[in-house]
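Listed below, chain by chain, are the residues.
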Amino acid sequence: MAKIEAIPVPPGSLLAGFGPPQSYRDCFSREVPGSVPLEQFIERFYCSWTFRPERLALGLIGRGASNADARAVASGEAQSFAAWTVIERREGEILLQDFQGATASWLSVVPGEGSTTLLFGSWVGKPDRGVVKVLMPFHRWYSRVLLGGI
């Protein structure tokens, strides 16, 4: 797997400004060669083999989505995908919130010289709930797996 690093949430990002200050936020980064536009990152992320189990599980609760649905969000033709709705999108980043309003996912691309840094972060609105605390180590591991599967 490619090197995935936990880094601070970039100040001024959609993720940094979302929700109350006491909410949980994380950010993971991965550098890849070449130029990767945001649309391509979104499509690769949600169509990846590492994301497939989550999409299958969401299908069981009636929140499934196809690769075509993921591509529609990536291209800006749709504002929702599976369990998420686009909250905001701007140059190089997108923020999606789940249908219950409890979590959000953030994807961003940062162009470099001959490479692109891919950023994936999460927001959790009530991080002190017992089940959330218990699942946080799994969440951080899974975030790395998702970003590494692109």
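Going by the structure above, here's the rest.
Residues numbered from 1 in each chain as written. Predicted model: local features only at pLDDT ≥ 70, side-chain atom pairs only at ≥ 80, totals over all residues. Heavy atoms only, no water.

Its location among the elements puts Phe18 in the loop between β1 (5–6) and β2 (24–33). Those residues in contact with Phe18 that lie beyond four places of it in its chain are Arg25, Ile87, Leu95, Gln97, Ala104 and Trp123. (Helix = DSSP H or I, 4+ residues; strand = E, 2+ residues; numbered from the N terminus. Contact = heavy atoms within 4.5 Å.)

Closest axis-to-axis distance for the helix α1 (residues 38–46)/helix α3 (residues 67–75) pair is 8 Å, and the angle between their directions is 155 degrees. When the axis of α1 is compared with that of α3, the two are roughly antiparallel. In this structure, α1 meets α3 at a crossing whose hand is right-handed. Here Glu39, Ile42, Glu43 and Tyr46 of α1 come into contact with α3, specifically with Ala70, Arg71, Ala74 and Ser75. Residue composition of the contact of α1 with α3, grouped by class: 4 nonpolar, 1 polar and 3 charged. (Axes fitted to C-alpha atoms, helices over the stretch in contact; angles between N-to-C directions. Parallel < 35°, antiparallel > 145°, perpendicular 65-115°, else oblique. Left-handed = near helix turned anticlockwise from the far one by under 90°. Nonpolar A, V, L, I, M, F, W, Y, C, P; charged D, E, K, R; others polar.)

Bringing the environment of Glu77 into the picture now. Here Glu77 shows up in the loop between α3 and β3 (80–81). A distance of 3.2 Å separates polar atoms of two side chains, one belonging to Glu77 and the other to Ser75. (Polar contact = N/O pair within 3.5 Å; in protein donor to acceptor, adjacent residues only side chain to side chain.)

Moving on: unusual backbone geometry. Within the chain, Ala82 stands out as a residue other than glycine whose phi angle is a positive 50 degrees. Here Ala82 lies in the loop between β3 and β4 (84–90). Under the relative-accessibility criterion, Ala82 is labelled buried at 19%. (Buried < 20%, exposed > 50% of the residue type's maximum accessible area, 1.4 Å probe, protein only.)

Attention shifts here to the packing of aromatic side chains. On inspection of all chains with the given rule, the structure shows 12 aromatic pairs. A ring pair is formed by Phe81 and Trp84, whose centres lie 6.3 Å apart and whose planes are at 15 degrees; its orientation type is stacked. With respect to class, Phe81 is no different from Trp84; both count as buried. Taken together through their ring pairs, the aromatic side chains of Phe41, Phe45, Tyr46, Phe51, Phe81, Trp84 and Phe120 make up a single cluster. (Phe/Tyr/Trp six-rings, centres within 6.5 Å; stacked < 30°, edge-to-face > 60°.)

Attention now goes to the sheet that holds strand β6 (residues 103–111). Read from one edge to the other, the open sheet built from 7 strands follows the order β1-β2-β7-β6-β5-β4-β3, with strand pairing classed as antiparallel. The open sheet has two edge strands, β1 and β3, and neither has a second partner. (Pairing = 2+ DSSP bridges.)

What follows concerns the nonpolar core. Ranked by size, the top nonpolar core spans 30 residues in total, and within it Phe41, Tyr46 and Phe81 carry the most contacts. Mapped onto this core, the elements with two or more residues apiece are β2, α1, α3, β4, β5 (93–98), β6, β7 (115–124) and α4 (130–148). The element contributing the most residues to this core is α1, with 5 residues. Setting aside residues no more than four positions away along its own chain, Phe81 makes contact with Tyr46, Phe51, Arg55, Ala65, Ser66, Asp69, Ala70 and Val73. Counting residues in hydrophobic clusters, the runner-up holds 10 residues, among them Leu14, Leu15, Phe18 and Trp106. (Core = buried A, V, L, I, M, F, W, Y, C linked by side-chain atoms within 4.5 Å.)

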